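One-letter residues, chain by chain:
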Amino acid sequence: MISSQRLEDRINSLARIGMTEEGGVTRLALTDEDRKAHQLVRSWMEQAGMSVRVDAAGNLIGRKEGTDPQARPVVMGSHIDSVGNGGKFDGTIGVIGGIEVVQHIAEENISITRPVEVIAFCEEEGSRFQSGGIFGSRAMTGKITPADLEIRDANGISRRQALADFGLNPDELFTKAIRRKGGMALYLEMHIEQGPVLEQKGIPVGIVTGITGLSLTEIIVEGKPNHVGATPMGMRHDALLGACEIATGIEEICLSYGSPAVGTVGTMEVFPGQVNIVPGRVVMTTDVRDLDVERRESILQRIRNHAESVAGRRGLTVSFDTKLKANPALCSQEIIEVMKRESERMSLSYLEMPSGAGHDAQLMAELADMGMIFVRSTGGSHNPREYASMEDITLGTELLSRVALHYLNAEEV
């Protein structure tokens, strides 16, 4: 059976690696903390009877064979890296829950036809290299370019160097890390909701219908730096005021489209950044998401038009640099139906709902049919207050187990 105590012990053990004074977790990808986390999670995979490897992209992969060596595997996964001072449940429950499913299979001597894999994807959060995240799953789908390896972190270390320091060969990433489409039977991921819907409705789990597609864009606003005392208000070309007007416009545009469209200005750097100089340059990142790719592209065009209008009126110039695009991904309706049926057999209340956050499942949907389970969470996410009860995590893991076992012994997928 699924062990709630083991789940709890492992969540807490992993949280101690990179624990912050506030009780959060800072465990960035390809760091010493990440290496220690890999070693710990590897030991759990081995306890569950899996062979373990790390691919060229830094993805930690455990595998247990089934009785049919030619069958395509059922794959479960998520990530174990964190944002700075994040929570201990984000990503980790999907990896630990997947391992628990395999350990349950081993301990109960359950025969499986298909192989089963559990993957801890590398740098899902993107917190170290600030380039949009989902690095390991993008590598598996062949979306990484040589330029992605030259991006540097805050300490000037390139991703190429970080991979090499982790004991990997970055050049093999373009061949050995890629998985072929159809090579997996299906992909399943369990994750905390990271939002308030399940909590507000009093429902322990969500069955995800689809994941919104994100577009991460850098907007550069150029004006003229000048003396704050000697430059009259009507003769300024203030890049910061223009950037702020663009930012509020992004909010208005996304509100006009309604849910699930969202738009966020997450960072804003002001140059030269001195109290006695009118800002001459602003670099800001915008994150726009929607479940419908055509709506998302329409939003992006309206944002571009708005930014150019603001720039023209204020005597500024504006440019755009798309850093990352991930298309929306719909969950397999057949997997959704299996999740609903197994939930009902457990007498488990569930809610069908979209995911506003991006996940590795979004990329895996390009390789195989995909399904996601949300676990009710509180305190928001990406902060130390993030919380999910062990009762809900155990229920989610039980559902994950039932769905995985359905497909592990299915004749056709």
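The paragraphs below set out a description of the structure included in this document. Everything numeric in this text was worked out from a predicted model, so none of it was measured. (Residues numbered from 1 in each chain as written. Predicted model: local features only at pLDDT ≥ 70, side-chain atom pairs only at ≥ 80, totals over all residues. Heavy atoms only, no water.)

Some points on the environment of Thr 248
Tracing the backbone through its elements, the reader meets Thr 248 in helix α8 (residues 239-257). Overall, the relative accessible area of 42% leaves Thr 248 in the partly exposed class. Placed 17 residues apart in sequence, Thr 248 and Val 265 show a C-alpha to C-alpha distance of 9.1 Å. (Helix = DSSP H or I, 4+ residues; strand = E, 2+ residues; numbered from the N terminus. Buried < 20%, exposed > 50% of the residue type's maximum accessible area, 1.4 Å probe, protein only.)

Things to note about the pattern of salt bridges
All told, the structure shown has 27 salt bridges when counted by the stated rule. Of the charged contacts, one joins Lys 325 and Glu 297 as a salt bridge, the two residues approaching to 2.9 Å between their closest N and O atoms. Note that Lys 325 is positioned in strand β12 (residues 317-326) and Glu 297 in helix α9 (residues 293-314), a separation of 28 residues in sequence. Looking at Glu 297, the relative accessible area reads 31%, which means it is partly exposed. (Salt bridge = Lys/Arg side-chain N within 4 Å of Asp/Glu carboxyl O.)

Quick look at the pairing of strand β2 (residues 60-64)
Sheet topology places strand β1 (residues 51-54) next to β2; 4 bridges connect them, and they run antiparallel. Looking at β2, one finds that Ser 51 is bridged to Arg 63. Connecting β1 to the next strand, β2, in antiparallel fashion are 5 residues, including Gly 58 with a positive phi near 90°. (Pairing = 2+ DSSP bridges.)

A look at the packing of helix α10 (residues 333-345) against helix α12 (residues 390-408)
Contact geometry of α10 with α12 gives a least axis separation of 9 Å together with a crossing angle of 125°. Classified by the angle between their axes, α10 and α12 sit oblique to one another. Relative to α12, the crossing made by α10 is right-handed. Judged by residue contacts, Glu 334, Ile 335, Val 338, Met 339, Arg 341, Glu 342, Ser 343 and Arg 345 of α10 engage Leu 399, Arg 402, Val 403, His 406 and Tyr 407 from α12. When the residues that make up the contact of α10 with α12 are grouped by side-chain class, the tally is 6 nonpolar, 2 polar and 5 charged. (Axes fitted to C-alpha atoms, helices over the stretch in contact; angles between N-to-C directions. Parallel < 35°, antiparallel > 145°, perpendicular 65-115°, else oblique. Left-handed = near helix turned anticlockwise from the far one by under 90°. Contact = heavy atoms within 4.5 Å. Nonpolar A, V, L, I, M, F, W, Y, C, P; charged D, E, K, R; others polar.)

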